[in-house]
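# Analysis of the macromolecular model
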Amino acid sequence: PVTCNGGYVMTSWMDLETIPIGNGLPDDAKGLADSTQIIHALIDAEVAKGTASEDIVLGGFSQGGAMALLAGYSYAKRLAGVACLSGWPSLRAQLTERVGGGANAGTPLFIGHGTQDGVVLPECGKDAAERHTAAGVQVTFLDYPAAHGPHPAGMAALRSWALEALKLEDDE
């Protein structure tokens, strides 16, 4: 059940108490842990099929962005990068230890956030960038004039960043 949606049972990475999401959002530790295990298992499955973990960028939007931050920086093998669009940092009290002490301490991070986002407030993207930078992560942060959704400048910047993180050539 998702509390902010009247307790309805629906697809969600974790329970959210309120919308808009701001920096004071309480964490659903169990939901976050369960979802992190699912994401780690998905990455493990791709590695088992022959994709090197260093060739994987983990990214997401909104709840998915929050999960990309948590699952990416707690994954046991090195990833190429982590991308968070309109997301937020969760389990903040353990963030520095999780990021600095893990296999992805040196993994680059892209954060994009709309300046007019009324669902996940812009302060969340800035907080994620500041906290990950303080933990030693190379962060690329971009805010753009958009609400809770994609923006052409954000998508172009994400594409360039991902090509660099994956060490691929731009064929356009």
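Scroll up for the structure.
Summarised in this report is the structure supplied together with it.

Conventions and cut-offs
Residues numbered from 1 in each chain as written. Predicted model: local features only at pLDDT ≥ 70, side-chain atom pairs only at ≥ 80, totals over all residues. Heavy atoms only, no water. Core = buried A, V, L, I, M, F, W, Y, C linked by side-chain atoms within 4.5 Å. Buried < 20%, exposed > 50% of the residue type's maximum accessible area, 1.4 Å probe, protein only. Helix = DSSP H or I, 4+ residues; strand = E, 2+ residues; numbered from the N terminus. Contact = heavy atoms within 4.5 Å. Disulfide = S-S within 2.5 Å. 1 Å grid on protein atoms, 1.4 Å probe; cavity = no way out; pocket = protein on both sides within 12 Å on 5 of 7 lines; lining within 4 Å. Points joined across faces, edges and corners; volume = space filled by probe spheres on them. Nonpolar A, V, L, I, M, F, W, Y, C, P; charged D, E, K, R; others polar. Pairing = 2+ DSSP bridges. Axes fitted to C-alpha atoms, helices over the stretch in contact; angles between N-to-C directions.

This part covers the nonpolar core. With 31 residues, the main nonpolar core has Met14, Ile21, Ile43, Leu58, Trp88 and Leu109 as its most contacted residues. If you list the elements that add at least two residues to this core, you get helix H1 (29-48), helix H2 (63-72), strand S2 (81-85), helix H3 (95-100), strand S3 (109-114) and helix H4 (122-134). For this core, the leading source of residues is H2, giving six residues. When neighbours within four sequence positions are excluded, leucine 109 is seen to be in contact with Leu69, Tyr73, Val82, Ala83, His132, Val137, Gln138, Val139, Thr140 and Trp161. Among the nonpolar cores identified, the runner-up in size contains nine residues, and Leu85, Ala146, Leu158 and Ala162 belong to it.

Inspection of the secondary structure assignment puts leucine 91 in the loop between S2 and H3. Sequence separation between leucine 91 and aspartate 28 is 63 residues; the distance between their C-alpha atoms is 8.8 Å. Setting aside residues up to four positions removed in sequence, leucine 91 forms contacts with Asp27, Ala29, Leu32, Leu70 and Arg98.

It is worth spelling out the state of the cysteines at this point. Under the criterion given, the structure shown has zero disulfides. Of all cysteine sulfurs, the one in cysteine 124 lies closest to cysteine 84, which takes part in no disulfide; the gap is 9.4 Å. Residue classification places cysteine 84 among the buried positions, given a relative accessible area of 1%.

Right, let's talk about empty space enclosed by the protein for a bit. Going through the model one piece at a time under the given rule, you end up with one cavity of 30 Å³ or more. Empty space within the largest cavity amounts to approximately 30 Å³. For the largest cavity, the full set of lining residues is Met14, Asp15, Leu16, Leu25, Pro26, Asp27, Asp28, Leu32 and Trp88. Tallied by class, residues from the lining of the largest cavity come to six nonpolar, no polar and three charged.

In space, the four strands of this open sheet follow the order S1-S2-S3-S4, with parallel pairing throughout. The sheet terminates laterally at strand S1 (57-61) and strand S4 (139-144), the two strands that pair on one side only. Neighbour-to-neighbour, the strand axes of this sheet turn through a mean angle of 10°, independent of strand direction. With five bridges connecting them, S1 and S2 associate as parallel partners. Across the sheet, glycine 59 pairs through a bridge with alanine 83, a residue of S2. Each of S1, S2, S3 and S4 touches helix H5 (residues 152-165); the most contacted strand, S2, lies at about 170° to it.

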